[in-house]
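# Breakdown of the fold
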Amino acid sequence: MAIHTNLYLLVFLPLVLIIYQLAPKKARWGVLLAASYALYISFSKYLVLLLMATSAFTWGIGLWLDKIGAECKEKQAECTDRKQKSEVKKEFQKKRVLALRVGVLVLLGILFYVNYLNFVIDNMNILLGKLGTQLPLVKVMFPMGISFYTLEAVGYIADVYWERYPAEKHLGKLALFLSFFPQIMEGPIARYPDTSDALFAGEPLNMANLNEGFLRIIWGLFKKMVVSDRLSYLTTHLFGNYKDYHGSFIILAAIAYTIQLYLEFSGSIDIVIGSGKMFGVTLPENFNQPFSAQSAAEFWRRWHMSLGNWFKNYVFYPITVSPMVKNWNKTARKKYGKYWAMVGTSAMALFPVWVATGIWHGAGWKYLFYGMYYFVILLFGVAMEPIKEKNYAKMGLDPNVWWLKTLRILKTWVIIFTGELFFNAVNLKAGFHMFFSIFGNFHISSIWKYWPDAITTGDVWAICVGSVIVWIVGFLKEHGVDVRGKILNARTPYKWSVYYLIIFAILLFGAYGTGYQPVDLIYAGF
Amino acid sequence: MTQDSRKSIVKLILFGGITLLALVIASAMMKPTKWFDEKLIQDRNARTVQMMEQPENTIDVLNLGDSLSTAGFSPMELWRDQGYTSFNIGADGMRMNEAYYAVVEACEKQKPKYLMIESLTLFRYAMGQDLQMLLSQPLYHRFSFLKYHNIWKSLVEEKGLMEYHRGYTINQNVWEYDGEEDYLNLNVGDSNSKLTISALNSMTFDRIKKFCDERGIEIIIYSMPSAKNYNQIRIDAMEAFAKEKGVTYIDLNEKADDLGIDWTQDTNDGGDHMNLNGAKKVVKYFGNYFRENLNLTDHRGDPSYSDWDEELVEYDKLVEEMDGKSYLDIYTEKKNKEWDEKYNNKQK
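Residues numbered from 1 in each chain as written. Chains lettered and ligands numbered in written order. Predicted model: local features only at pLDDT ≥ 70, side-chain atom pairs only at ≥ 80, totals over all residues. Heavy atoms only, no water.

### As for the overall build of chain B
Helices and strands together make up the secondary structure of chain B, namely 16 helices and five strands. Relative to its length of 348 residues, chain B is compact, with a C-alpha radius of gyration of 22 Å against a globular reference of 20 Å. Summarising its shape, the C-alpha atoms of chain B cover approximately 75 × 70 × 45 Å along the three principal directions. Taking the contacts inside chain B whose residues are at least 6 apart along the sequence as the reference set, 84% of them involve residues at least 24 apart. If you sum the accessible surface of chain B, you get close to 16500 Å²; carbon and sulfur atoms cover 51% of it. (Helix = DSSP H or I, 4+ residues; strand = E, 2+ residues; numbered from the N terminus. Rg over C-alpha atoms; globule rule 2.2 N^0.38 Å. Contact = heavy atoms within 4.5 Å. Areas by Shrake-Rupley, 256 points an atom, 1.4 Å probe, with all protein chains shown as cover.)

If you want it as structure tokens, here you go:
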């Protein structure tokens, strides 16, 4: 029961809302937990046990870290001088590091086993094949949302280790944080303090939250059903039959897939955030007009923000402040100068982030390439920044002049489209085949001549009009006009008119009905 | 309960009520034939819409199922051979829940005597999708706005090329089946199509049967010849199912030789679906079976059925014109011709 299906939207969500409201305040978090496990069971069946075990394990590690911390403080209180205190701290720090390592390794180990082991075996078999031997593949069931809840669990353990907040004593409450039903399939990846208070508060439903949540959900459905799902017929056809197309069709495939992915993922996140909001839970935002970005780095600050923040907090920063990088920076400054030290430090911190970002999306060389593609582009951006600034100053150019901004946005689009071309290609080889075939036999007119039957004129109209509407709303938001806020603050007749307009636009122009193959959530597969 | 809560509940009910009312009004307006030429509807609803346009109580046999049923049974051939009136109300990949409502809608203006169900539909099952349909199909049935919402596409798209003849589309493509001759021993089935009949499909069949029993409609289950979809396991399962439900079951796979099915000539996609050659043989078999075993009237010569004779002339003309091609071939040719004309004119 995915979050965009009628079963979720018309039955499950309303039912949970009613039960939640009828339940006593103290039991409401329990209703949410039961609903979360029920939804999880509906698509991953007994693998819910793995989710439960992960929750219990994470909870246990948190308590262990807390206990070590408490014992350390007790021992320190008995100490008479600073030196003794420092030695006690060192002794307990070792235990804390051990607890952290056990926690992170077990969680990432499960993720590795489920997501990556067969990929590794597959690649080892290519080498072993030459020696005439093969390793058997492992039969693995994919637990829905494992990439999302694992990162939340690792983040929680790291934060408790860094004493950003105390460990949660209540197992059920931590289990709810890791399994909250709207976000289990596609995120956003939250940090414990982001949602924990609201999840456990058990506040009654109120009209303001219901209105906000409802508007967010129907807006998400509009993006997904009117535009994204229609585009998926085109992209599935073009990427699936990539050898039959070249030139302008490949560019069209890359652009179409990027729009599809954005509207599908941001639309689903709208449904997720809207569902959470109905219960008074404010989930972190995941998108902020990514196509207004003027550089690849800015794009990643606006696209899948919760994943980017996770890597920034738990990979990038820890590496940047690690003794190894600090030492290297110090030495490099003396040896090669400030500029090269900065480039080298950036490379050392960015490399693991982008390897991880790439493979987080899936076990495949194309995903690793996708990560490395952005690593190279971002590092190039870092290296070029001082040179760019100097050049602007030399030429007397204002970097914020509109045409330069537009050029930078267009350049970023080219980077994004190219990245998504590889991301959605059947495999890395197909990605290169598609990329190089852009430059062969390029005729814009072939789009009209060989337009695939997978998508009709009506679909194209719906996609274009729907995309323009989404773009206008995003454009206004980028320029400080909060359309959603204005609708929510309007008088009821106006507000309801907008609701009906969106609902009937979905019902009339949405890709649904018998015969339509429901389009699965793309990020639910990661 | 506070005054605010009461106000909120009233607002929620009012909002729901207006939505429902708007849907009812929109559905009343969205009768396909009210605003649009019925031939403009080219999606899976085309057959249902055209069925609704048939003169009242003129169809004796309904043929239900997925694409195996619609590709392998031509009502015009049955009319030519025996003078019995029939209509294909199936659709590609039809599931049992959709099938139930297809029967209900077909019987709004008709009192058929027999309902033929092609058995592959009974094997089609994927829990998630079928549970979704359990909720959506009644909604589509009650609110035609939802069912025919795609009708707006007819305004911006060119008129459809496909011609339906009482639910049959002519396909003369020949693509031989080159697999094993004894295909009943091969493996078939996938994630959407099982080897057994699910409890949900069995329950839906019971609903169809109850509906038919109340109207005196007799059900006949049959399996279309299809090397890609049938094997002995499925045929045995269907035989047991039909026995359990007390309905007649006819398997045409075991009778394929008697029917004279030539797998090099009678299939349009390598043994999956029948083409017109195959459909003629299937209809010939059923024509004889109906004449010998069922109580059907030969309507040929009856002036109130003259539209069938007129359509048969059109049907035969189209078969000749298509000259062994499929609609897709004709569509591609048409598109290329249009483009060449446009491109050559521009160059001039």
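### Some thoughts on the domain arrangement of chain A
All names here are of chain A. Each assigned domain of chain A is listed with its residue range as follows: domain 1 (6–204) and domain 2 (294–424). Between the C-alpha centres of domain 1 and domain 2 the distance comes to 29 Å. Tallying the contact residues gives 17 residues for domain 1 and 13 residues for domain 2. Around 1300 Å² of area is buried between domain 1 and domain 2 when both sides are counted, 68% of it from carbon and sulfur atoms. (Domains from an automatic or database assignment. Buried area = accessible area lost by both parts, 1.4 Å probe.)

### Notes on the domain arrangement of chain B
Residues and elements named next belong to chain B. When its domains are assigned, chain B resolves into domain 1 (1–30) and domain 2 (33–347). With centres defined by C-alpha atoms, the gap from domain 1 to domain 2 works out at 40 Å. Taken together, the contacts link eight residues of domain 1 with nine residues of domain 2. For the domain 1 and domain 2 pair, buried surface summed over both sides reaches about 750 Å², with 72% attributable to carbon and sulfur atoms. Considering only the surface of domain 1 that becomes buried against domain 2, Leu 23, Ser 27 and Met 30 emerge as the three largest contributors, covering 66% of it. At the boundary of domain 1 with domain 2, the tally comes to zero salt bridges. (Salt bridge = Lys/Arg side-chain N within 4 Å of Asp/Glu carboxyl O.)

### What about empty space enclosed by the protein?
Residues and elements named next belong to chain B. This model, assessed by the stated rule, comprises three cavities of 30 Å³ or more. In this structure, the largest cavity occupies an estimated 120 Å³ of space. Lining the largest cavity we find 16 residues, and of these Asn 45, Thr 48, Glu 98, Gln 137 and Lys 147 sit closest to its centre. For the lining of the largest cavity, the secondary structure elements donating two or more residues are α6 (96–106) and α8 (127–142). For the lining of the largest cavity, the element with the highest residue contribution is α6, accounting for four residues. Looking at side-chain class alone, the lining of the largest cavity contains six nonpolar, six polar and four charged residues. (1 Å grid on protein atoms, 1.4 Å probe; cavity = no way out; pocket = protein on both sides within 12 Å on 5 of 7 lines; lining within 4 Å. Points joined across faces, edges and corners; volume = space filled by probe spheres on them. Nonpolar A, V, L, I, M, F, W, Y, C, P; charged D, E, K, R; others polar.)

### Overview of the pattern of salt bridges
Taken as a whole and assessed by the stated rule, the structure comprises 30 salt bridges over all chains. In this structure, the salt-bridge partner of Lys 223 of chain A is Asp 270 of chain A, at a minimum N-O distance of 2.7 Å. With Lys 223 of chain A in helix α9 (residues 207–240) and Asp 270 of chain A in helix α10 (residues 248–278), the pair connects residues that are 47 residues apart, well separated along the chain. For Lys 223 of chain A, a relative accessible area of 6% translates into the label buried. Two residues, Lys 245 of chain B and Glu 244 of chain B, come together in a salt bridge whose shortest N-O distance is 3.7 Å. With a relative accessible area of 14%, Lys 245 of chain B lands in the buried category. A network of salt bridges, in which partner residues are shared, links Arg 216, Lys 223, Asp 270 and Glu 285 of chain A. (Buried < 20%, exposed > 50% of the residue type's maximum accessible area, 1.4 Å probe, protein only.)

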